[in-house]
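For reference, the chains in residue letters:
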Amino acid sequence: ADKVGTISEAMVDNLQARGVPAEKLFFVPNAISEHFTTVSEPADIDGLRQRLGLTGKTAIGYISNFSEREGHAILLDAFARIARDDETLVLVLPGDGPEQANIGRQAHRLGLADRVILPGNVDHGEIKTWYGILDLFVVPRIADFASDYVTPLKPYEAMSQGVPVLISDRPVAAEIAGADGSRADLFPSGDSQALADLMQQRLQQPEHLQQRAKVAQDWVLQERVWPRVAQRHDDIYAAARAAHAARRGQEVN
């Protein structure tokens, strides 16, 4: 390849470590569609909360496919550690996949089946409203090549809707949270007790959460929306054409 584009800075580092020259590498981050540049109407959010029985409740959630690397079991275990002392807490987990049945059984074993909402796949046209009902969005991904090097879209979507985000500390997480942690909190991946402690702490700091959520929302709408991000491909194509022409001793048109 004359030039290589990849979606995370962590993958840039990984490829350099494998011997790909730095001058060949371009970082083009994952991004969200313009659909997420607006938020759901408050009436729609209130309506969904009422439909799910969330009135007067605090909703923690994760919206994702149910695969093992997504870490739903870690999130559920962490939720159990704090939910027994706070009956207002509810866990909302839209999505489907091979691990969903296991999570349902785990919720039953923990005695929390009535506090864990598993609606399955939801209409993507309403996905902003599902984000809007959440008070805290948690990305509990565990160690896995994709978790480490592929930037997930879900925290970007949550941030766009003004929802505070917590993320497990896989290599790509710092790119989302910010080097100074100004956009999201990190916790040790796979450590349900650490996640429980962080969730409990942050839920007791609503002003801090909202301030951080606003910083994250402003950043993602400025830096991680496709029309703006896609322009970076112009540089990749230009550099690739120049490298190709140089190899053939031609001028670039």
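Refer to the preceding data block for the structure.
Every chain is numbered on its own, with residues counted from 1 as its sequence reads. For this predicted model, a pLDDT threshold of at least 70 governs which residues receive local features, and a threshold of 80 or more governs which side-chain atom pairs are given and counted, while totals over whole chains, interfaces and linings are taken from all residues. Side-chain measures here rest on the full set of heavy atoms in the structure, leaving out hydrogens and waters.

With that settled, the discussion passes to the pairing of strand β6 (residues 136-139). If a strand is regular, its side chains alternate between the two faces of the sheet. Each residue gets one of three labels from its accessible area relative to the maximum for its type: buried under 20%, exposed over 50%, partly exposed in between, using a 1.4 Å probe on protein chains only. The secondary structure listing takes helices from DSSP runs of H or I that are at least 4 residues long and strands from runs of E that are at least 2 residues long, numbered from the N terminus. Residues of β6 alternate between two faces, with L136 and V138 on one and F137 and V139 on the opposite face, all of them buried. Where β6 and strand β7 (residues 165-168) come together, 3 bridges link them in parallel fashion. Bridged to V139 within β7 is I167. The criterion for strand pairing is that DSSP finds at least two bridges linking the strands in question.

With respect to the element layout, Q210 can be found in helix α10 (residues 206-223). The exposure class of Q210 is partly exposed, given its relative accessible area of 46%. Sequence separation of Q210 and L93 is 117 residues, and the distance between their C-alpha atoms is 22 Å.

Bringing the sheet that holds strand β5 (residues 116-117) into the picture now. As summarised here, the arrangement of the 6 strands in space is β5-β4-β3-β6-β7-β8, forming an open sheet in which the pairing is parallel. Because the sheet does not close on itself, it has two edges, and the strands there are β5 and β8 (185-187).

This part takes up the pairing of strand β3 (residues 58-61). Both β3 and strand β4 (residues 89-92) contribute to a ladder of 4 bridges, which runs parallel. By the bridge assignment for β4, I60 is matched with L91. If you view a crossover with the strands going away from you and the path from the first strand over the helix to the second runs clockwise, you call it right-handed. This β-α-β element, β3 to helix α3 (residues 72-83) to β4, shows right-handed connectivity. Where β3 and β6 come together, 2 bridges link them in parallel fashion. Within β6, the position partnered with I60 by the bridge is L136.

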